[in-house]
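# Fold and contact review
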Amino acid sequence: MRAEILIKEQYEKWDNFAYSHPYSSIHQTSRWAHFQSNVAARDKFWIIGIFDDRKLIAGTVLIRHKMPKGYTWLYAPRGPLLAYDDPQKAHEQMQVLLAKIKEIAKDEKTIFFRIDPLVEIQDESREKLTANKKSHKNSKRKQLHFPKFHFSHLGYQPEDTLILDIEKSENEILAQMKEKGRYNIRLAIKKGVKVVEVEASSPNAQAQIQDYFNILQETLERDKFHGHGISFYKNMVEKLAPKPHTQKETQNTQKDARSAKDGFSRMLLAYYADPETKKETPLAGIIATFYKYTGIYYFGASSNQYRNLMAPYLLQWHAIRLAKSLGLKKYDLLGIAPETPQDPLGPKNHHWRGVTEFKRKFGGTYIKYLPPQDFAFKPLLYRAYAATKKLRKMIG
């Protein structure tokens, strides 16, 4: 086996490989890498392929993240793509990959390298949890714990989530939701909340993205979360817009169905028109991604106005229906507090408890993923970084 940094002309080959890999997500596509490279602190990426003779068998998208004083850290988002069903082979592939990444790290003043592959360590619903869950979880953690890496809980990707099966009929999807979830969707429809899909190339796009960002500021202040600058969301909408494939594909559904193979994002906004003034007020917005078999609810925001109209519920239902119309199989609500035996909403003091309560109303299956693993190139600096991150997390 050998590892090599792919050139632009090989990206299509990589994307085809990633699409066929059982553990791939949109984060391991060249489109995601390009989007990330337009973020100021993440302005460089590599795609590394591992070859057996001439056959591409593993690899990763690798994003550089800038740190103070010229240091960096390297990230394989929801990667690398290795042979996780054969742990011994995955370890061999990681050795080859890490040797190449060490070469990059020398030139980039890299403190550490992080991985967080899309490997489930517990995928049963709460009703099916058994007494041997712990041994199952620990065995998988042990098998895929790479030498000299250590588990971290400081990653970008959630370790716990809810995933809806959208191969079911719409009525069946609604039926598995909490009663309050179904009620809120129907209430928003009844009250006249309107959902708009933002087209990156439309003349209204910039104003719509600004509407989303304005709502987001209300959300961040209200719920004490941290967000990005407007350019981040603008880039996500524009750089990950559905790709036009042929002149005949004039309908959004046709274009989106083809683009799900490449991976794309879509911003959805909910508006309400006052019955007397007819003035439209933006109430909520989400950004979702669509790739392969999975739609992901990535970012969300809701206004302090007209909260009784339940616009966020209708937005989620619209995104679920969009994903279903594309032939996707799953809808990932992307991140909840880890459930406990006493409480499915998680620990009382968990900062995701509120959003978990919202997401739980849509039903779905509880999924737990392998935690991120970090490899430290500069152990002292890494320990200082980790301690600082943990402190910030504790104080909010």
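Everything here concerns the structure above.
Counting of residues starts from 1 at the beginning of each chain's written sequence and follows it residue by residue. For this predicted model, a pLDDT threshold of at least 70 governs which residues receive local features, and a threshold of 80 or more governs which side-chain atom pairs are given and counted, while totals over whole chains, interfaces and linings are taken from all residues. With hydrogens and water excluded, all non-hydrogen atoms of the structure serve as input to the side-chain values.

We treat two strands as partners when DSSP finds at least two bridges between them. Only DSSP runs of H or I with at least four residues qualify as helices, and only runs of E with at least two residues qualify as strands; both kinds are numbered from the N terminus onward. Here seven strands make up an open sheet; going across it, the order is 1-2-3-4-5-15-7 and the pairing mixed. In this open sheet, the two edge strands, each paired with only one partner strand, are strand 1 (2–5) and strand 7 (150–151). As paired elements, strand 4 (residues 72–76) and strand 5 (residues 110–115) share five bridges and run parallel to each other. Residue pairing for strand 5: tryptophan 73 is matched across the bridge by phenylalanine 112. Packed onto the sheet, helix 1 (residues 11–20) meets strand 2 (44–52) and strand 3 (55–66) and runs at close to 105° relative to strand 3. Only heavy atoms matter for contacts: two residues are in contact if any of them lie within 4.5 Å across the pair. Every angle, taken between N-to-C directions, lies between 0 and 180 degrees, and every axis is a line fitted to C-alpha atoms, over only the stretch in contact when it is a helix.

Packing of helix 7 (residues 205–223) against helix 8 (residues 230–239) brings their axes to within 10 Å, and their N-to-C directions diverge by 135°. By the angle between their directions, the pair helix 7 and helix 8 is classed as oblique. For the crossing formed where helix 7 meets helix 8, the hand is right-handed. Contacts between helix 7 and helix 8 involve Gln206, Ile209, Gln210, Tyr212, Phe213 and Leu216 on the former and, on the latter, Ile230, Tyr233, Lys234, Val237 and Glu238. A breakdown of the residues in the contact of helix 7 with helix 8 according to their chemical character gives seven nonpolar, two polar and two charged. The scheme is simple: roughly parallel for angles under 35 degrees, roughly antiparallel for over 145, roughly perpendicular for 65 to 115, oblique for anything else. Handedness of a helix crossing follows the sense of rotation of the near helix relative to the far helix, less than a right angle counterclockwise being left-handed and clockwise being right-handed. For this classification, the nonpolar set comprises Ala, Val, Leu, Ile, Met, Phe, Trp, Tyr, Cys and Pro, the charged set comprises Asp, Glu, Lys and Arg, and every other residue, Gly included, is treated as polar.

On to the pattern of salt bridges. A side-chain nitrogen of Lys or Arg and a carboxyl oxygen of Asp or Glu constitute a salt bridge if their distance falls within 4 Å. The full count for this structure, using the stated rule, is 17 salt bridges. With its nearest N and O atoms 2.8 Å apart, the salt bridge here joins aspartate 160 to lysine 368. Of this pair, aspartate 160 sits in strand 8 (residues 160–165) while lysine 368 sits in strand 14 (residues 365–369), and the two are 208 residues apart along the sequence. Residue burial is assigned from relative accessible area. The probe radius is 1.4 Å, only protein chains are included, and a residue is buried under 20% of its type maximum, exposed over 50%, and partly exposed in between. By relative accessible area, which is 5% here, aspartate 160 ends up buried. Close ionic contact of lysine 348 with aspartate 343 constitutes a salt bridge, the shortest N to O distance being 3.6 Å. Of the residues examined, lysine 348 reaches a relative accessible area of 67% and is grouped as exposed. Three or more residues joined by partner-sharing salt bridges are found here, namely Asp43, Lys44, Arg64, Lys66 and Glu108.

All we've got here are geometric facts, nothing functional implied.
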